[in-house]
Amino acid sequence: MAKIKRALLSVSNKEGIVEFARGLVKLGVEVISTGGTAALLADAGIQVTEISQVTNFPEMMDGRVKTLHPAVHAGILAVRSNEKHLTELDDQKIKTIDLVVCNLYPFAETVAKENVTLAEAIENIDIGGPTMIRSAAKNNQDVAVVVDPADYKNILAELQAGQGSLTETATLRLAYKAFQHTAEYDQRIEHYLADIVLTESEKLELPATLLDRYDKKMDLRYGENPHQKAAFYLESESNEPSIATAEQLYGKALSYNNINDSNGALELVKEFTERPAVAVTKHANPCGMAVADTVKEAFRRAHLGDPLSAYGSIVAFNREVGAATAKEVATEDKFVEVIIAPDYTAEALKILEERWQNIRILKTGEIYINYDKPGYSMKKVTGGLLVQERDLAVTTAADLEVVTEQQPTEAQLKDLLFAWKVVKHVKSNAIVMAKDEMIVGVGAGQMSRVDAMIIAGRKAEQRQQGGVVASDAFFPFPDAIEKAAELGIKAVIQPGGSIRDEKVIAACNDLGIAMVFTGKRHFRH
């Protein structure tokens with residue numbers, strides 16, 4: 001592009017704008033500005049031309065109309081190689097504008113405030129700014145547009161090196177950032193208005209066009225495998241504590257697998273609120289889970305669920321970790337990759353840090369599930385995106401249907417509901433064996449439900465005797481029930497719904513097993 005002679009500066013975020021304008025003036029650039037930006041520059045001793053002197057028209061309607069004028073947009077949009085455009089500019093005594101520096105009214109910050117009114121939100125919808133940005137970005141072969149204060153330093157350096165001009169590559173890259181800036185801005189407005197105008201039933205519907213925004217939090221060393229590039233992106237709005245909002249207190253950077261597995265562990269312990277609960281996960285599946293009267297005891301019992309698999313695991317707590325629990329975690333026979341909990345005492349942190357140099361310690365704050373704004377569960381497939389509601393279905397004792405002659409005991413009901421919460425977080429086909437509100441065996445991700453039962457029994461190592469089983473989906477045949485009876489299982493919880501339910505129920509009656517139906521399935525792929 002040609003040498004920059006005139007620049008229009010109109011910014012909401014005024015960080016670094018004085019220094020940038022001063023640098024432009026040193027390069028011989030005439031600075032035009034609006035409202036508060038012009039006042040700030042003038043107070044800093046920078047020679048600035050008010051926009052009203054360019055348009056010969058005063059700012060109107062509390063600043064709603066100031067740059068929406070041909071003297072501005074013709075000066076930006078004129079193609080410098082087009083003689084007709086230049087002649088038209090001369091006829092109207094309009095000068096070209098070669099650089100537009102603009103960022104937008106703080107809409108997102110405004111609507112994030114408590115008790116913000118609709119009128120306040122609407123007033124912070126920028127009109128002139130996006131129009132100027134888009135005009136400059138469209139004419140990027142002749143005009144540079146800057147929307148990010150972080151770019152000021154580099155732009156000045158390039159202008160100095162280029163004797164007052166920028167390369168075509170630089171202006172095109174700036175145009176890309178500009179359109180990204182306005183697209184994100186419009187998306188925030190759309191989200192805000194959707195929350196207001198859509199009915200509750202409409203909000204439950206999946207949108208025709210998915211416009212969710214994700215910002216990169218960090219690049220990762222690699223993905224699931226070293227040959228795969230990876231990064232971690234965050235949702236623009238966070239509605240509940242999560243792995244995305246957790247604060248890392250100690251340890252080396254999280255890996256792709258650490259993040260995925262920690263998410264699974266945290267989402268599992270969120271299911272439990274009444275008593276201390278601990279989840280031990282490996283490869284996104286729980287290998288241990290327990291509730292108890294103390295955090296230390298909950299961890300001890302969770303780890304006993306499968307001590308072999310727990311080596312190199314992720315451990316999630318639903319309560320603060322104290323010194324006694326930290327000592328139990330940090331014993332010589334254990335190795336933990338990540339610990340995630342609402343908080344830690346200072347002594348607990350010291351114990352964990354001294355035990356492992358590379359352990360990752362994450363703090364979430366109080367954990368809960370936001371049932372009012374649950375968001376979606378998403379899975380990328382080649383060429384598309386699968387989107388569904390999060391599986392937040394809650395089952396209580398009142399929801400259960402006892403379908404066998406044998407009635408479950410009160411203790412068995414407690415274990416059945418415990419196992420039912422856990423099986424929801426196990427890869428299908430899933431079988432969970434539990435006793436005394438502790439996982440004793442898990443069969444995960446099997447093509448056959450019988451195989452899942454066999455694996456769970458092998459993991460349980462006889463601790464399942466007299467315990468219960470949860471199955472994430474119905475039993476298509478009685479064979480898995482027969483295997484459960486061989487393993488000493490006394491009660492089963494499952495969705496029901498098989499065409500052979502009667503045969504499965506009959507098998508339970510013959511074998512003295514109590515069975516309850518939930519009416520809900522919990523596949524997890």
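Quick note: structure is the one above.
Below, the structure is looked at part by part. The structure presented is a predicted model; accordingly, all values stated were derived computationally and were not measured. (Residues numbered from 1 in each chain as written. Predicted model: local features only at pLDDT ≥ 70, side-chain atom pairs only at ≥ 80, totals over all residues. Heavy atoms only, no water.)

Here we take up the overall build of the chain. A count of helical and extended segments in the chain gives 19 helices and 21 strands. Here the C-alpha radius of gyration of the chain, 31 Å, is well above what a compact globule of 525 residues would show, namely 24 Å. Taken along the three principal axes of its C-alpha coordinates, the chain extends 100 × 50 × 45 Å. Relative to its full complement of 525 residues, the chain shows a buried share of 47%. Taking the contacts inside the chain whose residues are at least 6 apart along the sequence as the reference set, 59% of them involve residues at least 24 apart. (Helix = DSSP H or I, 4+ residues; strand = E, 2+ residues; numbered from the N terminus. Rg over C-alpha atoms; globule rule 2.2 N^0.38 Å. Buried < 20%, exposed > 50% of the residue type's maximum accessible area, 1.4 Å probe, protein only. Contact = heavy atoms within 4.5 Å.)

Time to look at helix H12 (residues 256-269). Between the first and last C-alpha of H12 there are 21 Å, a value that for 14 residues agrees with the 20 Å anticipated at 1.5 Å per step. By the criterion of burial, H12 is predominantly enclosed, with ten of the 14 residues buried. Taken together, the buried positions of H12 are Asn258, Ile259, Asp261, Ser262, Gly264, Ala265, Leu266, Glu267, Leu268 and Val269. (Expected span 1.5 Å × (residues − 1).)

With that settled, the discussion passes to the packing of aromatic side chains. According to the stated counting rule, one finds six aromatic pairs in the structure shown. Considering the side-chain rings of Phe299 and Phe317, the 6.2 Å spacing of their centres and the 25 degrees angle between planes classify their relative orientation as stacked. Linking Phe299 in helix H13 (residues 295-304) with Phe317 in strand S11 (residues 313-317), this pair joins segments that are 18 residues apart in sequence. With respect to burial, Phe299 and Phe317 carry one shared label: buried. Joined through ring pairs, the aromatic side chains of Phe107, Tyr185 and Tyr192 make up one cluster. Positioned above the aromatic ring of Phe272, the side-chain terminus of Lys421 is 4.8 Å from the ring centre. (Phe/Tyr/Trp six-rings, centres within 6.5 Å; stacked < 30°, edge-to-face > 60°. Lys NZ or Arg CZ within 6 Å of the ring centre and 35° of its normal.)

A separate point is the packing of helix H18 (residues 479-486) against helix H19 (residues 501-511). Where H18 meets H19, the axes come as close as 9 Å, and the angle between the chain directions of the two elements is 20 degrees. Relative to H19, H18 is oriented roughly parallel. As H18 runs across H19, the sense of the crossing is right-handed. Touching Ile481, Glu482 and Ala485 of H18 are Val504, Ala507, Cys508 and Leu511, all from H19. Looking at the contact of H18 with H19 residue by residue, the classes come out as six nonpolar, no polar and one charged. (Axes fitted to C-alpha atoms, helices over the stretch in contact; angles between N-to-C directions. Parallel < 35°, antiparallel > 145°, perpendicular 65-115°, else oblique. Left-handed = near helix turned anticlockwise from the far one by under 90°. Nonpolar A, V, L, I, M, F, W, Y, C, P; charged D, E, K, R; others polar.)

On their own, these measurements won't tell you what the molecule is for.
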